[in-house]
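Chain and residue survey
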Amino acid sequence: MPTKYVVILGSLMSGLGKGVVTSSILRILDFYNCKVIPVKFDGYLNYDCGTMNPYRHGEVFVLDDKSEVDMDFGIYERFLNKSLKGDYSITGGKLFSQLLSKERKGDYLGADIQIIPHMTDEIIKRIEGIASREKPDVIVIEVGGTVGDIENSYFIEAMRQLSLDHDVTFVNLTYIPSIDVVGEQKTKPAQIGFRLLLQSGIRADYVICRCSTKLLEKTKEKLALFAHLEKSRIVDDSTQESLYSLPLHFMDQGFDRELMKDLGLGSLRISKEKVSEWKERVGRILRPSRSVTIGIIGKYTELRDSYASVKEALIHAGSENDARIDIRWIESETLESGDMSKELAGIDGIIVTGGFGKRGTEGMINGIRYAREHGIPFLGICLGMQLMVAEYARNVCGLKDANSTEFDPGTKHNVIDILPSQIGIKDKGGTMRLGAYDCVIPSKDSTAYKVYRKGMISERHRHRYEFNNRYRKLLSKNGLVLSGFTKDRKLVEFAEWKDGFGIGTQAHPELKSRLQDPAPLFVGLVKESLSAKE
Ligand code: GLN
């Protein structure tokens, strides 16, 4: 059967949760055992988001295949429990750079290159390429931005053209505000959105309504009239207690059955086991039997999206441990002076996150020292592991100014240094040590082994600096356990404190955490923090 397409377009404004809606649709299709692939269009002219500041764009998500992609890919993977590929991310930058290099080669000789047809053809070709290579039942396409933006207009036009000779279902995510005082749900902005979409030659098959409270029947009737749809195609997307409830909430409204029929897949039966497993895990998020407080020390905490995967990995680990996670966000600069016991009071476990640049690193080191000296369970992620090593070198081994050369190029004790493979690299885009790498955990006594329960694992990476092997002997002799290495043993991937639960990883384990397959290091941290609390 030829691949079908679901295209999700947002109206009116960003921040409506298009990624979560797309992921919920992916989850539903997977409940029916459909083979699904998500594709994301991003209109920005960067090749990928690897060079963007997390403050600007939220977290940069990294896939196994080294691609640096939009954080929505994180949501897709967390809902779908499947590792995705970089060519599912189609950006304005990738398209323009391909068109221009083809033009220079002379592939268009004689032609003037235009958005339509050259750009739109290229988009359709990429989508059809994925369909013919991988033969999914359904490709679910999220169009970044909102209808009416200049940036995504050529993507929307390409989708209109795709629908001329393919089976495409259009979903319009819109916003239904309610005015506080009267509590009335207003449909006028959504109506304007329908008209804008119609101007692009597209009529939505479903309207998903983001609203703060349940969508009222009379609001649905009005929307159905203006969207020219049956009422059953107006779907409530009111705020749920957990993001992970949304697929179930859509299914309660019969959206799944209607969508399956539209896609010509009405004969497929839903997998009851998959649904009940999902419900169980969501149930433990909504009604956990205990709670624990985890402090996240980071340098981009003002924009929570910078740490989306860390936050979600904690939610997954909480569900696994039947515990609610109360997250305390701690901006690392606030730990640079003052009384740690006040700043970190009431915290059962500590995470120090990844990051770039010197700002806030001394505060992180102070937080790590406090965790080590007070036996607070600790997980250091990438930069967090590097600073864990620097802290140990300074305060246990007496190497006073030990640091990473990223923050102090002149340090006498460069316990963290540039990766040999990074020396001489000038280009910034896509050149870090990126993607999935295998790691050996030789000793069964290590925390790493106990957490992963195996001696060979794979995690994703994104860094330029690394443990300096010249310090292996000295730090080990002083009690820092180096417990994980690349297969050739050349790079240190894990460091641990001998006592208690304190572990740093050069990888980003949060990138592989899914609700149905939580990251072992997070599960371990939450478990240890619970027992430390109790
Ligand atoms: N800045 C550090 C490096 O490049 C850590 C990177 C990170 O935390 N992702 O190695």
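Residues numbered from 1 in each chain as written. Predicted model: local features only at pLDDT ≥ 70, side-chain atom pairs only at ≥ 80, totals over all residues. Heavy atoms only, no water.

Re unusual backbone geometry
- Look at the link from Ile-116 to Pro-117: it is a cis peptide, with omega at 15 degrees.
- As for its position among the elements, Pro-117 is in helix α5 (residues 115-134). (Helix = DSSP H or I, 4+ residues; strand = E, 2+ residues; numbered from the N terminus.)

Re the pattern of salt bridges
- Considering all chains together, one arrives at 35 salt bridges under this definition.
- Residues Arg-462 and Glu-68 are paired through a salt bridge, measuring 2.7 Å at the closest nitrogen-oxygen approach. In this pair, Arg-462 sits in strand β18 (residues 456-463) while Glu-68 sits in strand β4 (residues 68-69), placing the two residues 394 residues apart along the sequence.
- Of the charged contacts, one joins Glu-134 and Lys-85 as a salt bridge, the two residues approaching to 3.1 Å between their closest N and O atoms. Remark: Lys-85 occurs in the loop between α3 (72-80) and β5 (89-91) and Glu-134 occurs in helix α5; sequence separation between them is 49 residues.
- Judged by relative accessible area, Glu-134 falls into the buried class, the value being 15%.
- Accessibility expressed as a relative area gives 37% for Lys-85, which makes it partly exposed. (Salt bridge = Lys/Arg side-chain N within 4 Å of Asp/Glu carboxyl O. Buried < 20%, exposed > 50% of the residue type's maximum accessible area, 1.4 Å probe, protein only.)

Overview of the site of the ligand
- Neighbouring the ligand are Gly-354, Gly-355, Phe-356, Cys-382, Leu-383, Gln-386, Glu-406, Arg-462, His-463, Arg-464, Tyr-465 and His-508.
- Note that an oxygen atom of the ligand is positioned 3.0 Å from one of the side-chain N or O atoms of Gln-386.
- Burial of the ligand by the surrounding chains reaches 98%, relative to a free accessible area of 290 Å².
- Counting residues per element, the ones that place at least two in the shell around the ligand are α15 (383-395) and β18.
- Counted by class, the shell around the ligand contains four nonpolar, five polar and three charged residues. (Near = heavy atom within 4 Å. Polar contact = N/O pair within 3.5 Å; in protein donor to acceptor, adjacent residues only side chain to side chain. Areas by Shrake-Rupley, 256 points an atom, 1.4 Å probe, with all protein chains shown as cover. Nonpolar A, V, L, I, M, F, W, Y, C, P; charged D, E, K, R; others polar.)

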